[in-house]
Protein chains: 2
Amino acid sequence: MAPQIRSNTANISDDIRDPRVRILSAAGQEFAERGYEAATVRDICTAAGVNLAAVNYYFGDKQRLYIESVKHAHEERIRQVPQPDWPSGTPAAEKLLGFVGNTLDRMLGTGQPPWQVRLMMREVLHPTEACRELVEDYIRPHFELLVSILDELAGGTLPGSELRRVALSIMGQCFLYRAAGDVVAMLVPADEIEACHTPRPIADHVTRFALAALGAGEPLARPGRRAAPAKESHR
Amino acid sequence: MAPQIRSNTANISDDIRDPRVRILSAAGQEFAERGYEAATVRDICTAAGVNLAAVNYYFGDKQRLYIESVKHAHEERIRQVPQPDWPSGTPAAEKLLGFVGNTLDRMLGTGQPPWQVRLMMREVLHPTEACRELVEDYIRPHFELLVSILDELAGGTLPGSELRRVALSIMGQCFLYRAAGDVVAMLVPADEIEACHTPRPIADHVTRFALAALGAGEPLARPGRRAAPAKESHR
DNA sequence: AATCGATTGAAACAGTTGTTTGATTTCCGC
DNA sequence: GCGGAAATCAAACAACTGTTTCAATCGATT
């Protein structure tokens, strides 16, 4: 009656035959493409090549299938794109460039972003139960790595709260291209998109922007006369 | 048979009675809250206090109702939050702070962001037909205003493509809090959220960050050299 | 080969969806 | 008040949804 529990260490060739992971994979793609409501278990089962009843047999209902498919997607993604690691002694600025490039590669991919990322993005934008685990296992480690790079970059002179704000500023810039890429493409001339808004140039820009802001690189511009030191908010 | 066309200049007291705008308003809130698929015309009609058939009578079908409700939402929003305007001679840095603060107010609102914004955000994240008009009428004017402020700030030394990249960097930082606010709240300690991640402090940070990057303000940190100036960090 | 539980399969179920129908009421110029 | 268009209403429709049922099949252990 109850489905047999499969070992987590089953090898890949098994996975392809295992209807459980076939369903998870098909479900992830459908959910990523159409969203939770618009995706139907019928389409998922057809894509997975299993019977309609298999979803309820293995996962109980659609909602639990969704949660499991998000989990499965981010576990797969962690295996695909490991955390970058640098030899000790690598300059912090170089680490930052590597980190931003890696983040953009993850988010945008070389070509079409993989469905795993699009599914995770849906979860970030409209969180459900599956979100917390996603944040703790996938997002937070990356975020903390960025914070540590920034700490090194600032020579330990900035408090944690400020480091986190700067980290969010950097993540936000990457995030915009992933979540609102279509709108960006409407705002910027088409030829400029191809030239300046692909992963590598974006990474260069975001890094230069951050380094300059932290005083660890040349400012992007040299306004003619020393601009009046922009008195802080006068509220 | 065909519904009568109402003048666009009908006054507000009329609007409240006009079933057309009652439906548009109810639909916008439902779509913003639940998304296109999950929102039902039955719930919309109940909320609007009209008969089920009214949607098809006035708008034809659900999809056209959605498009019209997005249009209606951003027209309303434009009326609510006019473009900021400064007397000539206002320092560019001050304009930037005002712009960022205004953008965050629009996106986050003082309390719960209005449904109009949440609906527009859905359209940005998962564009449909209604998106193009939204971009041209609502987003692009704001974007171009930011670009012009940045141009002034850089003293005309930066090319348009670079200005647009910086503008996107700034918008991205604001955008993160609106679109991924829940995840931000999971990444940052709760007390820090209340202290440092509300509209005003964010606006201060984003502005300082950008000014420093452009060389028009003090860097956030002084790595290697003397300790951080920590001048008026937060109050 | 027989057995028994795990798995698959086709079909049906009950509920909800967007949409349509056709009668009824309301409104307004005459 | 009358006539006819505009607007409203309750009811039904057909299609699709997630879920359940239960018999058929498979696969390993005896």
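Residues numbered from 1 in each chain as written. Chains lettered and ligands numbered in written order. Predicted model: local features only at pLDDT ≥ 70, side-chain atom pairs only at ≥ 80, totals over all residues. Heavy atoms only, no water.

Some points on helix α5 (residues 62–80) of chain A
Residue and element names in this part refer to chain A. Compared with an ideal rise of 1.5 Å per residue, which puts 19 residues at 27 Å, α5 spans 26 Å between its outermost C-alpha atoms and is within 8% of the ideal. Listing the buried residues of α5 in full gives L65, Y66, I67, S69, V70, H72, A73, H74 and R77. The secondary structure elements touched by the buried residues of α5 are α2 (19–34), α3 (41–48), α4 (53–59), α6 (92–108), α7 (115–125) and α8 (131–153). (Helix = DSSP H or I, 4+ residues; strand = E, 2+ residues; numbered from the N terminus. Expected span 1.5 Å × (residues − 1). Buried < 20%, exposed > 50% of the residue type's maximum accessible area, 1.4 Å probe, protein only. Contact = heavy atoms within 4.5 Å.)

Some thoughts on the interface of chain A and chain B
Taken residue by residue, the interface counts 64 residues in chain A and 68 residues in chain B. Interface area lost by chain A to chain B is led by R165(A), M186(A) and L187(A), which between them contribute 13%. Put simply, chain A and chain B have four salt bridges between them. Going through the elements one at a time, α7, α8, α9 (160–179), α10 (181–187), α11 (190–196) and α12 (199–213) of chain A are the ones with two or more residues in the side of chain A that touches chain B. No other element matches α9(A), which puts 13 residues into the side of chain A that touches chain B. Counted by class, the side of chain A that touches chain B contains 38 nonpolar, 12 polar and 14 charged residues. (Buried area = accessible area lost by both parts, 1.4 Å probe. Salt bridge = Lys/Arg side-chain N within 4 Å of Asp/Glu carboxyl O. Nonpolar A, V, L, I, M, F, W, Y, C, P; charged D, E, K, R; others polar.)

Here's the deal with the relation of the copies chain A and chain B
Placing chain A over chain B gives an RMSD of 0.1 Å and needs a rotation angle of 180°, together with 0.0 Å of translation along the axis. A rotation of that kind, with that shift, is consistent with a two-fold axis. For chain A, the residue whose C-alpha comes nearest the rotation axis is A213(A), separated from it by 2.0 Å. Mapped onto chain B, 94% of the interface residues of chain A again fall at the interface, so both copies present the same surface. (Least-squares fit on C-alpha atoms with pLDDT ≥ 70 in both.)

As for the packing of aromatic side chains
Within a pair of aromatic rings, the relevant descriptors are the distance that separates the centres and the angle that separates the planes. Within this structure, the stated rule accounts for 10 aromatic pairs over all chains. For the ring pair Y57(B) and Y58(B), a centre distance of 5.0 Å and an interplane angle of 85° mean the geometry is edge-to-face. It is K62(A) that lies over the ring of Y36(A); its NZ or CZ is 4.6 Å from the centre. (Phe/Tyr/Trp six-rings, centres within 6.5 Å; stacked < 30°, edge-to-face > 60°. Lys NZ or Arg CZ within 6 Å of the ring centre and 35° of its normal.)

A few points about the environment of T128(B)
Residues and elements named next belong to chain B. By the secondary structure assignment, T128 is in the loop between α7 (115–125) and α8 (131–153). In this structure T128 comes out as partly exposed when scored by relative accessible area, which is 38%. On a C-alpha basis, the gap between T128 and A195 in space is 37 Å, while along the polypeptide they are 67 residues apart.

Considering the domain arrangement of chain A
All names here are of chain A. Per the domain assignment, the segments of chain A are domain 1 (14–60) and domain 2 (81–214). Spacing between the C-alpha centres of domain 1 and domain 2 amounts to 31 Å. With eight residues of domain 1 at the contact, the number on the domain 2 side is four residues. When the two sides are added together, the surface that domain 1 and domain 2 hide from each other amounts to roughly 540 Å², 59% of it contributed by carbon and sulfur. Counting across the interface, domain 1 meets domain 2 through one salt bridge. With its nearest N and O atoms 2.9 Å apart, the salt bridge here joins R118 to E33. Between domain 1 and domain 2 we count four residue pairs in polar contact (both at pLDDT 80 or more) in total. (Domains from an automatic or database assignment. Polar contact = N/O pair within 3.5 Å; in protein donor to acceptor, adjacent residues only side chain to side chain.)

Some details on the nonpolar core
Among the nonpolar cores identified, the biggest contains 110 residues, and L96(A), L150(A), F175(A), L96(B), L150(B) and F175(B) are the most heavily contacted of them. In contact with F175(B), not counting residues within four places along its chain, are F175(A), L176(A), A179(A), A180(A), M107(B), M121(B), V124(B), L125(B) and A180(B). (Core = buried A, V, L, I, M, F, W, Y, C linked by side-chain atoms within 4.5 Å.)

Some thoughts on the pattern of salt bridges
Here the structure, examined in full by the defined rule, presents 22 salt bridges over all chains. Salt-bridge contacts for R64(B) lead to D61(B); the nearest nitrogen and oxygen are separated by 3.4 Å. Residue E144(B) is joined to R140(B) by a salt bridge in which the shortest nitrogen-to-oxygen separation is 3.9 Å. One end of the pair, E144(B), and the other, R140(B), are both in helix α8, four residues apart, so they sit about a helical turn from each other. Given a relative accessible area of 35%, E144(B) falls into the partly exposed group. Through salt bridges with shared partners, one network takes in E68(A), K71(A) and E133(A).

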